[in-house]
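What the coordinates show
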Amino acid sequence: MYRTHNCGELRLSEQDKEVILSGWVQRLRDKGGMVWIDLRDRYGITQLVFEEGSTTPELLTMAKSVGREYVLKVSGKVVERYAKNPKMPTGDIEIVVAKLEILNKSEVPPFMIEDDTDGGEDLRMKYRYLDIRRNPVREALALRHKMLQETRKYLSSKEFMEVETPMLIKSTPEGARDFVVPSRMNPGEFYALPQSPQTFKQLLMVGGIDKYFQLVKCFRDEDLRADRQPEFTQIDCEMSFVDIEDIQKAFEGLVKYLFKEVKGIDINEIPIMSYAEALQQYGSDKPDTRFEMKFVELNDVAQGKGFNVFDSAELVVGICADGAAGYSRKQLDALTDFVKMPQVGAKGLVYIKYLPDGQAGNEDGSFKSSVDKFYSQEDLQSIAIKFNAKAGDLMLLLSGEQDVTRSALNELRLKMGAELGLMDPDTFNVLWVVDFPLLEWDEDSKRFHAMHHPFTSPKKEDLALLDTDPAKVRANAYDMVVNGVEIGGGSIRIHDRDTQSLMFKHLGFTEEEAKAQFGFLLKAFEYGAPPHGGIAFGFDRICALFGGADSIRDYIAFPKNNSGRDVMIDSPSPIAEEQLDELQLRLKLED
Ligand code: ASP
């Protein structure tokens, strides 16, 4: 028997009991005649004590010989501690060890197995099994486990049926590159790993399953960032005979349930914002609505005053940071440098300070700006009125081409939100963003792409625009956004063959191409496909959001690094010549 108890459960009530514990050595303190060892397992830490006099010399010597992360089995008696540790759940007791067995030795670990470790990310990923011994990683995995269980529980209770769909499939376009798998039995042919189970879940609706969900791995070969992994998990869902409101209701239910069960937070009414409104007010289709700082368009008041940069701009737009007029020259320069970074994309930044009373900057004026040369106090006043600004505020203005300027101002708004402490990590603002465009123009391929995916239905009232002004057609699509993070998205689907064929045509597929790639779906639509729609949530992202982390990696047991590598198992890696032969493949690598 390895243990009667785990390392986290003994209390004073077990005093004088003979117990057996097994676990890892967290630390050892050797005071000559006395040795303490902290023994750790998943459940906690228990202090072991070896003392000259009551412990045999052999046992004391053996205790002194163990190192960090050795695996021990001990038997002994639970006693009350002299010096209690109120920070540890087991801090009132210790075990006077009578017998010690070293179950396994350990090399000195390459980093400290502590909450605050000295190990960098690369090292921790290489030895992820050691990293997993640390509390924060184990807690992240435990959170994930809870989320998985609660999601299943909730959706099952609402009659959603979990159905597994295949991993070896044919390409499903979700806007990324496919990972492909060669087929030995069909030389020269390849499976694609699913970017999502999109077409299968629609086929399940044709199959009459009515309400489907799956906690499913998806694979997308795209450049990685902190919130992206080549393989990730979705809560994938689909329902029949629904419109947008039905879907919103069903999944608001799920999200509210998860917030309540896992975080103890009540989410009230979830507001709905149109894509157009989101872009106009926040410059982003996933606005962080924990703080206002909405965009204010200023063409009418800022143009025509002789400042050429503004006069020649398609859009002059700004934000007002409450109480930030005290920003120093240095801080403003830093903001200017920020907006000029290539990934932000603005050419420059104009500021207007609405000075607090008694701090007039120019003569008697209340305003001090970087464009005082062109704008009188009255001009600046009329801009301030647009912002509804008050003394003590800082107005920040950008100008240029519409899309670039809005997107740069979005970055600046988020930066200001962070600098001014407006992004409270304990506040969760859930939001629906709706009415996305159906299509978006791709400059590289010079054609329209589906903004969501090709199975999303257009709004009926916009259908006529498909031929005349395709960019104006809105989709029956929706995203769920929390604190500026898109946690899920979906749409009401096309369910008739003709509209689906029309859609493929608009996406530049010939009839033959559409048939070759999606013939199975078009065929299924000929056999009584019900109206249907669905959504998929990025499960890893929701876990990171609930755990208060930026990176989804923390919530994945064995994640890949930014180059898509698993540095622990060293993958991807070359395969043997014989494997290539079996697959009838030859490599032709370019330098
Ligand atoms: N398949 C979509 C995605 O992965 C979600 C959906 O439309 O349900 O984004």
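Residues numbered from 1 in each chain as written. Predicted model: local features only at pLDDT ≥ 70, side-chain atom pairs only at ≥ 80, totals over all residues. Heavy atoms only, no water.

A word on the sheet that holds strand E2 (residues 34–41)
Read around the closed barrel, the five strands follow the order E1-E2-E3-E5-E4; overall the barrel is mixed. For this sheet, the mean angle separating the axes of adjacent strands, direction not counted, is 55 degrees. Sheet contacts for helix H1 (residues 57–65): strand E1 (18–30), E2, strand E3 (44–51) and strand E5 (93–104); angle to E5, the most-contacted strand, approximately 70 degrees. (Pairing = 2+ DSSP bridges. Helix = DSSP H or I, 4+ residues; strand = E, 2+ residues; numbered from the N terminus. Axes fitted to C-alpha atoms, helices over the stretch in contact; angles between N-to-C directions. Contact = heavy atoms within 4.5 Å.)

Considering the site of the ligand
Residues in close proximity to the ligand total 14 residues, the closest being Glu174, Gln198, Lys201, Gln234 and Arg493. Here a nitrogen atom of the ligand sits 2.7 Å away from a polar atom, N or O, in the side chain of Gln198. Within the side chain of Arg493, a nitrogen or oxygen atom sits 2.7 Å from an oxygen atom of the ligand. Across the complex, the protein chains shield 92% of the 270 Å² of accessible surface that the ligand would expose by itself. For the shell around the ligand, the secondary-structure elements that each account for two or more residues are helix H5 (198–206), strand E21 (485–492) and strand E22 (532–538). Ranked by the residues each element gives to the shell around the ligand, the list is headed by E22, at three residues. For the shell around the ligand, the residue count by class is two nonpolar, eight polar and four charged. (Near = heavy atom within 4 Å. Polar contact = N/O pair within 3.5 Å; in protein donor to acceptor, adjacent residues only side chain to side chain. Areas by Shrake-Rupley, 256 points an atom, 1.4 Å probe, with all protein chains shown as cover. Nonpolar A, V, L, I, M, F, W, Y, C, P; charged D, E, K, R; others polar.)

A word on the packing of aromatic side chains
Inspection of the entire model under this criterion finds 19 aromatic pairs. An angle of 55 degrees between the planes, with centres 6.1 Å apart, marks the rings of Phe251 and Phe537 as tilted. Placement of the pair is Phe251 in helix H6 (residues 244–263) and Phe537 in strand E22, with a sequence separation of 286 residues. When its relative accessible area of 1% is taken as the criterion, Phe537 is described as buried. Judged by centre distance (6.0 Å) and plane angle (90 degrees), the rings of Trp432 and Tyr478 are edge-to-face. (Phe/Tyr/Trp six-rings, centres within 6.5 Å; stacked < 30°, edge-to-face > 60°. Buried < 20%, exposed > 50% of the residue type's maximum accessible area, 1.4 Å probe, protein only.)

A short note on helix H10 (residues 329–340)
For H10, spanning 12 residues, the distance from its first C-alpha to its last is 17 Å, which sits close to the expected 16 Å at 1.5 Å a residue. Each element contacted by the buried residues of H10 is listed here: strand E14 (350–354), strand E16 (394–400) and helix H12 (402–419). (Expected span 1.5 Å × (residues − 1).)

Digging into the sheet that holds E21
Taking strand neighbours across the sheet as the criterion, the eight strands line up as E6-E9-E10-E22-E21-E20-E17-E11 in an open arrangement whose pairing is mixed. Looking at strand neighbours, the two that pair on one side only are strand E6 (161–162) and strand E11 (272–274), the edges of this open sheet. Here nine bridges tie strand E9 (residues 211–219) to strand E10 (residues 231–240), and the two strands are oriented antiparallel to one another. Among the inter-strand pairings, Cys218 is bridged to a residue of E10, identified as Phe232. Sitting on the sheet, H6 touches E10, E11, strand E17 (430–434), strand E20 (477–482), E21 and E22, and the angle it makes with E20 is about 20 degrees.

As for the packing of helix H14 (residues 497–506) against helix H15 (residues 511–524)
Orientation of H14 relative to H15, taken along the N-to-C sense of each, is 160 degrees, at an axis distance of 11 Å. Between H14 and H15, the crossing angle belongs to the class labelled roughly antiparallel. Viewed along their axes, H14 and H15 form a crossing whose handedness is right-handed. Within the contact between the two elements, H14 uses Arg497, Gln500, Ser501 and Phe504 and H15 uses Ala514, Phe518, Leu522 and Lys523. In terms of residue class, the contact of H14 with H15 is made up of four nonpolar, two polar and two charged. (Parallel < 35°, antiparallel > 145°, perpendicular 65-115°, else oblique. Left-handed = near helix turned anticlockwise from the far one by under 90°.)

In short, shape yes, function no, at least from these values alone.
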